2 protein chains.
Amino acid sequence: MRHLIFFLISFLSINAQAQDAKTIRTIYDLALTQSEAYENLRVLCKDIGHRLSGSEGADSAVVWGQRVLGKLELDTIYLQEITVPHWERGRKEKAYFYNEKGKNMLDVCALGGSISTGMNQFIKGDLLDVKSLDEVNNLPDSLVKGKIIFYNRPMDPKKISTFSAYGSCVDQRYSGAIEAAKKGAIAVIVRSMNVRQDDFPHTGSMAYEDGVDSIPAFAISTNGADYLSENVTKYGNLELNLKSFCKSYPDKISHNVIGEIKGSEFPDEYITVGGHLDSWDMGEGAHDDGAGVVQSIEVLHLLNLMNIKPKHSIRVVLFMNEENGNRGGKHYAERAAAKNEKHLMALESDRGGFSPRGFSVNGTEKQ
Amino acid sequence: MRHLIFFLISFLSINAQAQDAKTIRTIYDLALTQSEAYENLRVLCKDIGHRLSGSEGADSAVVWGQRVLGKLELDTIYLQEITVPHWERGRKEKAYFYNEKGKNMLDVCALGGSISTGMNQFIKGDLLDVKSLDEVNNLPDSLVKGKIIFYNRPMDPKKISTFSAYGSCVDQRYSGAIEAAKKGAIAVIVRSMNVRQDDFPHTGSMAYEDGVDSIPAFAISTNGADYLSENVTKYGNLELNLKSFCKSYPDKISHNVIGEIKGSEFPDEYITVGGHLDSWDMGEGAHDDGAGVVQSIEVLHLLNLMNIKPKHSIRVVLFMNEENGNRGGKHYAERAAAKNEKHLMALESDRGGFSPRGFSVNGTEKQ
């Protein structure tokens, strides 16, 4: 009898595996033939375009998200209201310095959330070329005061994981203005987070700190950073002129967009996938994070196509405001905790739409 | 004593492994920081551009290949002379048909090596929509005679390996004109080898056969193929008008470009890497096969940078005429056999410059 049971279990298990393999193959086939992900991505990037929190584009993205989810067979679609920062870049920034060859224009942009250089005026200051926050912290105030701090530690091109190269440099961008202002600097300019040598300054998030002066913060292209660095080396004191037009406005109302298929057996247990709807204002947010958004929506679309009624609830969350505040993500987590929702898994897909190379999970001991 | 020897061997082997790991890491680092591959690719694609065998671009590519290899520290650089086909597309091809809405233009191009439709004239014929060579073979001659055969079997988008999807369709393009002409068809038009739906006709190689009439052969974009197919279904007899201006000229002299580092211990044993210099005439040949060319050159460049003197001879071969004849590859093989050269390995890299996903080898039992 035990043998029979064992045999039956083995048989059922092999059978279940075969069934799973078939289902997975069907998912592949449908994704390769009937996916709406690329068309959704085209609309999000080309018809809506950039969509920084608080912008018209972000509002359109919320409406678009509802509409796209509305075309699927879901049990619920709803919005989670949040307030988001509203920052606008304004006109194109300018930066230049003089050397014996004359005026040298540089490719710069304001970092997201930066204050401007003031009512349509340049600020000027001698450049101080540094490689780290620590270097600034260890300098005497007298050396930093009145200067423009130039954070120029490059991303390490030898790191095959560019995320790791990014992670080991981005403190300059995020906290550079705070540490420089503590010592009396009047502005910061940060080498773009980019392993390529090119002329595009990369914006990104930065922070100010209560009790520390807010000073204007810029990114400079990698080519520009190298050129500036050469000139600092050659001429010693170099006066840089910077101008930006950006401005923070009062917070605005925005939303996470959520769609759900209710689980047939465990409706109160959630498997959540998502991406973030907002993007920076200088691109169209295809990789960051249009890809994550359309992939996540496609999960529900494929389940629909296969007519699968999952046992657990499947939820897609299109998060607002990942880029400059993560208020959508935080609010989602707070609401989930307040409602005591059990999440079997939650995945925000935000690493771009590149060739998948595998699957890995990491976390702390506690997690 | 035996234990000591065993210990020593283990120690040396671990040591050698550690040394290998270090060397491989150095190769990575140099490739990521000092590679000239992208700049070489830029020059090959942008400054030289398309370079079909027999064209001015192909001649420039040979000169470029010599010059780039000439900048490396190699023991020999030489040319292998070959004759190559010389075919030119001429002016842009045209195709149209009429339906109740009026004149419908289609996106077509001549297949590489095709004859033209004649001195500045259209050929006209009723379309016959087929899915395979076999289908044509099995039709009575009377049904095919005087017709334009439309090969419309699409690449299977469910095949994750697009090379495999390509391989299972490309017989239509390569042999379609032969099989159709055997039955009296006056031209063929072949659905482009493309899993995307778009408006770009893809050229590619095709063959004629001695004793069988040569008839004009075209590719049509995937969108165009679908549109044409719909119209054939709707209207039954559909007369297609085709015009091409292409022409074959007498063969020309061209060359494989070869560079070598002589092996210190086994100079007569070769490890060969290569890509093909020629490209089709409608693009700039970045993936096909600029990538293979610059990767192969980079192998020698990296060895130079590391000051490695290999034990076996390392050879890079920039093959001419892979696309429409493979005469460079054949000549190289003939010469290697005639000189009785021992090749430990020979790799032509010709699968585009995509994310590497692994390494595999296959072949027949005999190989």
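If you're wondering where the values come from, they're calculated on a predicted model, not measured in any experiment.

Some thoughts on the relation of the copies chain A and chain B
- For these two chains of identical sequence, chain A goes onto chain B by a turn of 180° and a shift of 0.1 Å along the axis, with RMSD 0.0 Å. Such a turn and shift between the copies fits a two-fold axis.
- A share of 100% of interface residues in chain A that are also interface residues in chain B marks the association as one of identical surfaces.

Side note on the sheet that holds strand 5 (residues 123-130) of chain A
Residue and element names in this part refer to chain A.
- Strands sit in the order 3-2-9-5-6-7-8-4 across an open sheet of 8 strands; the sheet is mixed. What marks the edges here is a single partner per strand, and that holds for strand 3 (102-105) and strand 4 (108-110). On average, each strand axis in the sheet is inclined to that of its neighbour by 30°, with strand direction left out of account.
- Across the face of the sheet, helix 8 (residues 222-235) comes into contact with strand 2 (94-99), strand 3, strand 5, strand 6 (148-151), strand 7 (187-191), strand 8 (217-220) and strand 9 (239-243) while running at roughly 30° to strand 2.

Here we look at the interface of chain A and chain B
- Contacts between the two partners involve 11 residues from chain A, matched on the other side by 11 residues from chain B.
- Interface area for chain A against chain B, summed over the two sides, is near 1000 Å², with a carbon-plus-sulfur share of 63%.
- Of all residues in chain A, the largest losses of buried area upon contact with chain B belong to Leu32, Lys158 and Ile160 of chain A, amounting jointly to 42% of the total for that side.
- Taken together, the links from chain A to chain B amount to 0 salt bridges.

Looking at the packing of helix 2 (residues 37-48) of chain B against helix 9 (residues 286-305) of chain B
Residues and elements named next belong to chain B.
- At their nearest, the axes of helix 2 and helix 9 sit 9 Å apart, and the two run at 140° to each other. Between helix 2 and helix 9, the crossing angle belongs to the class labelled oblique. When the axes of helix 2 and helix 9 are compared, the crossing they make is right-handed. In this structure, helix 2 contributes Ala37, Asn40, Leu41, Leu44 and Cys45 to the contact, and helix 9 contributes Ala286, Gly290, Ala291, Val293, Val294, Ile297 and Glu298.
- Grouping the amino acids of the contact of helix 2 with helix 9 by side-chain chemistry returns 9 nonpolar, 2 polar and 1 charged.

A short note on the sheet that holds strand 11 (residues 266-276) of chain B
Residue and element names in this part refer to chain B.
- Taking strand neighbours across the sheet as the criterion, the 5 strands line up as 1-10-12-11-13 in an open arrangement whose pairing is mixed. Because the sheet does not close on itself, it has two edges, and the strands there are strand 1 (76-88) and strand 13 (342-348). Direction aside, the axes of adjacent strands within the sheet are offset by 20° on average.
- By the bridge criterion, 8 bridges tie strand 11 to strand 12 (residues 312-319) in an arrangement that is parallel.

A word on the side chain of Ser53 of chain B
Residues and elements named next belong to chain B.
- As for its placement among the helices and strands, Ser53 is situated in the loop between helix 2 and helix 3 (56-70).
- Classification of Ser53 as buried rests on a relative accessible area of 1%.
- In this structure the side chain of Ser53 is engaged in a polar contact, spanning 3.0 Å, whose partner is the side chain of Asn321.
- Setting aside its immediate chain neighbours within four residues, Ser53 contacts Ala58, Val84, Pro85, His86, Asp278, Met320, Asn321 and Asn324.

How each quantity is defined
Residues numbered from 1 in each chain as written. Chains lettered and ligands numbered in written order. Predicted model: local features only at pLDDT ≥ 70, side-chain atom pairs only at ≥ 80, totals over all residues. Heavy atoms only, no water. Least-squares fit on C-alpha atoms with pLDDT ≥ 70 in both. Contact = heavy atoms within 4.5 Å. Pairing = 2+ DSSP bridges. Helix = DSSP H or I, 4+ residues; strand = E, 2+ residues; numbered from the N terminus. Axes fitted to C-alpha atoms, helices over the stretch in contact; angles between N-to-C directions. Buried area = accessible area lost by both parts, 1.4 Å probe. Salt bridge = Lys/Arg side-chain N within 4 Å of Asp/Glu carboxyl O. Parallel < 35°, antiparallel > 145°, perpendicular 65-115°, else oblique. Left-handed = near helix turned anticlockwise from the far one by under 90°. Nonpolar A, V, L, I, M, F, W, Y, C, P; charged D, E, K, R; others polar. Buried < 20%, exposed > 50% of the residue type's maximum accessible area, 1.4 Å probe, protein only. Polar contact = N/O pair within 3.5 Å; in protein donor to acceptor, adjacent residues only side chain to side chain.

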